[in-house]
Amino acid sequence: MTDKTTLSIDLSPVKLGLALVFLTLFLNFGLGAMFGMNEDLFQNFIHSGIAAHANLFSNPDKEQDIIWRWLQRAHFHAGGIGAFSLGMVILTALTNLSPRRKLITSTLIGLSIFYPLAWFTMFLYAPSIGRAAAHHAPLVELFTDIGVGSLSLGILSLVLGIFVPTKADRP
């Protein structure tokens, strides 16, 4: 007879955070698949927008490349932040934090999806309003603040919960 040791982790307190992280990873995979299947769709979107608003662009070829790079950054950040956040949410599930603290921490980490969405939104706006305006559009700035701020707060909550647990977080 062998002794089977199993690790049972209750993921219920971190499900919302996990769902957001999976959405981030799906954004990464989806953009990557679309690039592979029909990159011209994106390139034509940029080109058509620049052509329709030529007065906003002093160097259309350079602008095309920069806006294309913004879409790639949405893809890259969704993959990197998604993978990192997945690890942080799983680590959150493994801690002795209270279920409420796990929910809050994992959700904050999961809200990092807004950072790659900020790059994607800049890509969508830029061909019609120009690069500078797209970069400083209120929605883009809001997405950036939510993504960076919530990830920072989530990691801070996790680190403090591990190294400075409160009474509610102790088993």
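For the structure, check the block above.
Rules of the game
Residues numbered from 1 in each chain as written. Predicted model: local features only at pLDDT ≥ 70, side-chain atom pairs only at ≥ 80, totals over all residues. Heavy atoms only, no water. Helix = DSSP H or I, 4+ residues; strand = E, 2+ residues; numbered from the N terminus. Rg over C-alpha atoms; globule rule 2.2 N^0.38 Å. Buried < 20%, exposed > 50% of the residue type's maximum accessible area, 1.4 Å probe, protein only. Contact = heavy atoms within 4.5 Å. Areas by Shrake-Rupley, 256 points an atom, 1.4 Å probe, with all protein chains shown as cover. Lys, Arg positive; Asp, Glu negative; His and termini not counted. Charge placed at Lys NZ, Arg CZ, Asp CG, Glu CD. Axes fitted to C-alpha atoms, helices over the stretch in contact; angles between N-to-C directions. Parallel < 35°, antiparallel > 145°, perpendicular 65-115°, else oblique. Left-handed = near helix turned anticlockwise from the far one by under 90°. Nonpolar A, V, L, I, M, F, W, Y, C, P; charged D, E, K, R; others polar. Polar contact = N/O pair within 3.5 Å; in protein donor to acceptor, adjacent residues only side chain to side chain. Patch = residues over 30% accessible without salt bridge, like charges linked within 9 Å, V, L, I, M, F, W, Y side chains within 5 Å. Salt bridge = Lys/Arg side-chain N within 4 Å of Asp/Glu carboxyl O.

> Summarise the overall build of the chain; cite the residues concerned and give the values.
When helices and strands are counted, the chain shows 6 helices and 0 strands. The helix and strand sequence of the chain, counted from the amino end, reads α-α-α-α-α-α. Its C-alpha atoms give the chain a radius of gyration of 20 Å, clearly above 16 Å, the size a compact globule of 171 residues would have. Seen through its C-alpha atoms, the chain measures out along the principal axes to roughly 70 × 40 × 20 Å. The buried share of the chain, reckoned over its 171 residues, is 41%. Taking the intrachain contacts of the chain between residues at least 6 apart in sequence as the baseline, contacts between residues at least 24 apart amount to 79%. Carbon and sulfur atoms provide 66% of the accessible area of the chain, an area that totals close to 9,700 Å². Averaging the positions of the 11 positive and the 10 negative side-chain charges in the chain gives two centres separated by 15 Å.

> Can you lay out the packing of helix H1 (residues 15-52) against helix H3 (residues 99-110) for me, pointing to particular residues and giving the numbers?
At a minimum axis distance of 7 Å, the contact between H1 and H3 shows a crossing angle of 15°. Relative to H3, the element H1 lies roughly parallel. The handedness of the crossing between H1 and H3 is left-handed. Where H1 abuts H3, its residues Leu16, Gly17, Leu20, Val21 and Thr24 lie against Leu103, Ser106, Thr107 and Gly110. Here the residues of the contact of H1 with H3 sort into 4 nonpolar, 5 polar and no charged.

> Outline the side chain of Thr107, listing residues and values.
Summarising the element assignment, Thr107 is placed in helix H3. Here the side chain of Thr107 touches Leu103 through a polar contact of 2.7 Å, landing on its backbone oxygen. In this structure Thr107 touches Leu16, Gly17 and Leu20, once residues within four positions along its chain are discounted.

> Just give me the short version of the environment of Ala51, but keep the residues and values in it.
Inspection of the secondary structure assignment puts Ala51 in helix H1. Taking the relative accessible area as the measure of exposure, Ala51 reaches 52% and is therefore exposed.

> So, the environment of Phe120: which residues are in play, and what are the values?
Within the secondary structure, Phe120 sits in helix H4 (residues 114-129). Spatially, the C-alpha atom of Phe120 lies 15 Å from that of Ala33, the residues being 87 residues apart in sequence. Other than its neighbours up to four places away in sequence, Phe120 contacts Leu31, Leu71 and Ala74.

> Got a sec to walk through a nonpolar patch on the surface? Specific residues and values, please.
Together, Ile9, Leu11, Ile90, Leu91, Leu94, Leu153, Leu156, Val159, Leu160, Ile162, Phe163 and Val164 line one region of the surface with nonpolar side chains, adding up to about 1,000 Å² of accessible area. Those elements that place two or more of their residues in the nonpolar patch are helix H2 (60-94) and helix H6 (138-163). Structurally, Val164 is set in the segment after H6.

> Now, about the pattern of salt bridges: what can you tell me, with residues and values included?
Evaluation of the coordinates by the stated rule reveals 1 salt bridge. Two residues, Glu63 and Arg131, come together in a salt bridge whose shortest N-O distance is 2.5 Å. Of this pair, Glu63 sits in helix H2 while Arg131 sits in helix H5 (residues 131-135); the two residues are 68 residues apart in sequence, bridging distant segments of the chain.

Note that all results are geometric; they support no functional claim without further evidence.
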